[in-house]
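A look at the structure
Chain residues, written in single-letter form:
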Amino acid sequence: KMPEQQASSSADVRRLTGDGAGARQTPFWICSECGNMLVPKEDKVQKVLKRFCKSCKRLDNADSNLVNVHDLRPESTILEQGRDTIKDPTLPRANNTECLSCGHMESVFFQAPMKSDEGMKLIFMCTKCAYKWKQ
């Protein structure tokens with residue numbers, strides 16, 4: 001790789017692995033001539049990625065080799081459960097769990113996926129105040 005390609009690909013890696021809000025977004029380029037969207041195009045002779053405008057035929061060098069990101073990470077590590085969850089008659093109930101918020105002894109529980117390395121966890125919700133805790 002050429003030095004500028006190495007620098008841009010390391011920037012891509014930082015952007016892909018970052019935890020920021022826009023860290024894993026697909027690049028979106030706008031033509032400086034006509035304002036339309038640029039599409040990626042391969043230059044097979046130079047073996048580099050270019051950006052091409054279908055409207056005005058402008059051709060620019062791409063800043064990086066990143067074309068698309070398909071992020072398979074879940075939006076949230078735990079499913080959001082609303083207050084109505086405690087009224088669900090299909091969920092099992094536990095009578096021997098004490099709520100850490102109000103001291104009530106009854107709760108409903110269900111399994112929810114956590115981070116990929118943690119697997120599934122039991123989530124308890126108090127039937128009185130809807131406080132949630134993991135076990």
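The structure contained in this document is the topic of the report that follows.

What counts and what doesn't
Residues numbered from 1 in each chain as written. Predicted model: local features only at pLDDT ≥ 70, side-chain atom pairs only at ≥ 80, totals over all residues. Heavy atoms only, no water. Core = buried A, V, L, I, M, F, W, Y, C linked by side-chain atoms within 4.5 Å. Buried < 20%, exposed > 50% of the residue type's maximum accessible area, 1.4 Å probe, protein only. Helix = DSSP H or I, 4+ residues; strand = E, 2+ residues; numbered from the N terminus. Contact = heavy atoms within 4.5 Å. Phe/Tyr/Trp six-rings, centres within 6.5 Å; stacked < 30°, edge-to-face > 60°. Lys NZ or Arg CZ within 6 Å of the ring centre and 35° of its normal.

Details of the nonpolar core
If you look at the biggest cluster of nonpolar residues, it comprises eight residues: Ile86, Leu91, Val108, Phe110, Ala112, Ile123, Met125 and Ala130. Elements represented by at least two residues in this core include exactly strand S5 (107-113) and strand S6 (120-126). Once residues lying within four places of it in the same chain are set aside, the contact partners of Ala130 are Arg83, Ile86 and Met125. Residues Ala94, Phe124, Cys126 and Trp133 belong to the second largest nonpolar core, which totals five residues.

Remarks on the packing of aromatic side chains
Going through the model one piece at a time under the given rule, you end up with three aromatic pairs. Both rings, one in Phe109 and one in Phe124, keep their centres 5.4 Å apart while their planes meet at 35 degrees; by these two values the pair is tilted. You can see Phe109 sitting in strand S5 and its partner Phe124 sitting in strand S6, a full 15 residues away along the chain. What makes Phe109 partly exposed here is its relative accessible area of 24%. Among the residues examined, Phe124 registers a relative accessible area of 5% and is labelled buried. Aromatic pair Tyr131 and Trp133: ring centres 6.0 Å apart, planes at 25 degrees, arrangement stacked. Classification of Tyr131 as partly exposed rests on a relative accessible area of 34%. The cationic tip of Lys41 hangs over the ring face of Phe52; the distance from NZ or CZ to the ring centre is 4.6 Å.

A look at the environment of Thr85
Relative to the elements of secondary structure, Thr85 occurs in the loop between strand S3 (59-61) and strand S4 (93-94). The class of Thr85 is buried, set by a relative accessible area of 12%. In the structure, Thr85 is positioned 23 residues away from Val108 in sequence and 8.2 Å away in space, judged by C-alpha atoms. When sequence neighbours within four positions are dropped, the list of residues in contact with Thr85 reads Leu91, Val108, Phe110 and Met125.

No statement about biological role is implied by the geometric values presented.
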